[in-house]
Amino acid sequence: MEKPTFGIRSEYSQEIVAWLKKKEKDIREYKVQSPQIHRRRHLVDWTCAVAEKLNLTKCSVHLAIRIMDYFMDGHDIKDPQLYLVCLGSLLLASKVEEKDSNVPKCSEMNTFAKNIFALSDFKMLELVILKYFNWNIFLPTACHFVEMWLPDSIYPSDYRGPPQYFSDAKTFFLKYVQYFMDLSMQDSSLVDVLPSLVAAAIIAASRNAFGLTPTWNIHLELMTGYEYDILQPILLILTDSYKRESQEDADNSLEDGGYFSCTNSPEKNGSHLSCSEVLESATETVTVNKT
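Calculation notes
- Residues numbered from 1 in each chain as written.
- Predicted model: local features only at pLDDT ≥ 70, side-chain atom pairs only at ≥ 80, totals over all residues.
- Heavy atoms only, no water.
- Helix = DSSP H or I, 4+ residues; strand = E, 2+ residues; numbered from the N terminus.
- Contact = heavy atoms within 4.5 Å.
- Polar contact = N/O pair within 3.5 Å; in protein donor to acceptor, adjacent residues only side chain to side chain.
- Axes fitted to C-alpha atoms, helices over the stretch in contact; angles between N-to-C directions.
- Parallel < 35°, antiparallel > 145°, perpendicular 65-115°, else oblique.
- Nonpolar A, V, L, I, M, F, W, Y, C, P; charged D, E, K, R; others polar.
- Phe/Tyr/Trp six-rings, centres within 6.5 Å; stacked < 30°, edge-to-face > 60°.
- Buried < 20%, exposed > 50% of the residue type's maximum accessible area, 1.4 Å probe, protein only.
- Expected span 1.5 Å × (residues − 1).
- Core = buried A, V, L, I, M, F, W, Y, C linked by side-chain atoms within 4.5 Å.

Right, let's get into the environment of histidine 144. Summarising the element assignment, histidine 144 is placed in helix H7 (residues 142-149). A sequence separation of 86 residues divides histidine 144 from lysine 58, and the C-alpha atoms of the two residues are 9.3 Å apart. In contact with histidine 144, other than residues within four places in its own chain, are Leu20, Cys59, Glu97, Phe138 and Leu139. Within the structure, histidine 144 has its side chain in polar contact with the backbone nitrogen of threonine 141 (distance 3.0 Å).

Structure representation (structure tokens):
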């Protein structure tokens, strides 16, 4: 996800959201019938790692996972073709979301599978996937909605601090949003939930974890079209995962001598602070500079 510009949403943005909401309802039914469904979490993590090394955007990753989920749901795929499907999904998603200069080549993708596939396999799989989706692989994802709503998801009045520290608050709030976006991809129970609903829950979970009050308000309800009661089941899934991973990170830190992985929850990494801590940190910095 590219660094957003926080500000007022335009009428054009509202039209895009309306179009995305209409399109998300046309997605085929997800039947949870893939014989390899138990491999999903590993495949998601592996695909995300490949995308990170290729410097692909968050929207590319989310679209790739969505393509992979629905394609696997209609096929029985064995090793090592599962990894080919991951790479093929990522390749197709990058062609939709990335600039032409950032779309990886098949040979580059193949290196992540130790070059075990013929380059023609990528072209063949690409055709199979396109036919499966009737040549329509632009599937709305939670990332698409989050990018549209993020500019208006935090205001100075939310964190009740001096205006000069608001830019710091936005920066740290974005870290929580990105974290919950990653969590939403990992949880298989959210695959068949409307992406717009997942996106709204991601914003609510981020505001709650960051300490913004209230967690949800009339402005957010009008912007997303979702009342808080509708968000609660999805919000509960995200917050439970957040608490569980935070506890696992804390337990692991006792075992690994304090070395942190790149997948730490926001609470573990010192660069992820709550809203009040951001304010305190900024105040301390000003005090030190004055002395």
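Okay, back to it.
Glancing now at unusual backbone geometry. Between aspartate 79 and the following residue, proline 80, the backbone shows a cis peptide bond with an omega angle of -5°. Within the secondary structure, proline 80 is located in the loop between helix H3 (58-73) and helix H4 (81-97). Here the bond from threonine 213 into proline 214 is cis, since omega is -5°, no more than 30 degrees from zero. Structurally, proline 214 is set in the loop between helix H10 (195-210) and helix H11 (218-224).

Let us now look at the packing of H4 against helix H6 (residues 119-132). Relative to each other, H4 and H6 sit at 70°, their axes nearing to 10 Å. Relative to H6, the element H4 is oriented roughly perpendicular. Contact residues: Leu84, Val85, Leu87, Gly88, Ser89, Leu91, Leu92 and Lys95 in H4; Asp121, Phe122, Leu125, Glu126, Ile129 and Leu130 in H6. Classifying every residue of the contact of H4 with H6 by side-chain character gives 9 nonpolar, 2 polar and 3 charged.

Tallying each qualifying case throughout the model produces 12 aromatic pairs. With centroids separated by 6.3 Å and ring planes inclined at 90°, the aromatic side chains of phenylalanine 117 and phenylalanine 122 adopt a geometry described as edge-to-face. In this structure, phenylalanine 117 and phenylalanine 122 share a single accessibility class: buried. Where phenylalanine 145 meets tryptophan 149, the ring centres are 5.4 Å apart and the plane angle is 40°; that geometry is what we call tilted. In this pair, phenylalanine 145 and tryptophan 149 both sit in helix H7, 4 residues apart, roughly one turn of the helix. The class of phenylalanine 145 is buried, set by a relative accessible area of 0%.

In this model, H3 (16 residues) spans 23 Å end to end at C-alpha, consistent with the 22 Å of a helix rising 1.5 Å per residue. Of all the 16 residues making up H3, 15 are buried; the element is thus mostly covered by neighbouring parts of the structure.

Turning our eyes to something else, we now look at the side chain of asparagine 110. Mapped onto the secondary structure, asparagine 110 falls in helix H5 (residues 106-110). When neighbours within four sequence positions are excluded, asparagine 110 is seen to be in contact with Asn115, Ile116, Phe117, Leu119 and Phe122.

This paragraph deals with the nonpolar core. Trp149, Phe180, Ile202 and Leu238 are the most contacted members of the largest nonpolar core, which totals 45 residues. Broken down by secondary-structure element, the contributors of at least two residues to this core are helix H1 (11-24), H7, helix H9 (166-186), H10, H11 and helix H12 (228-255). By size, the runner-up hydrophobic cluster in this structure holds 42 residues, among which are Tyr30, Ala51, Ile77 and Leu139.

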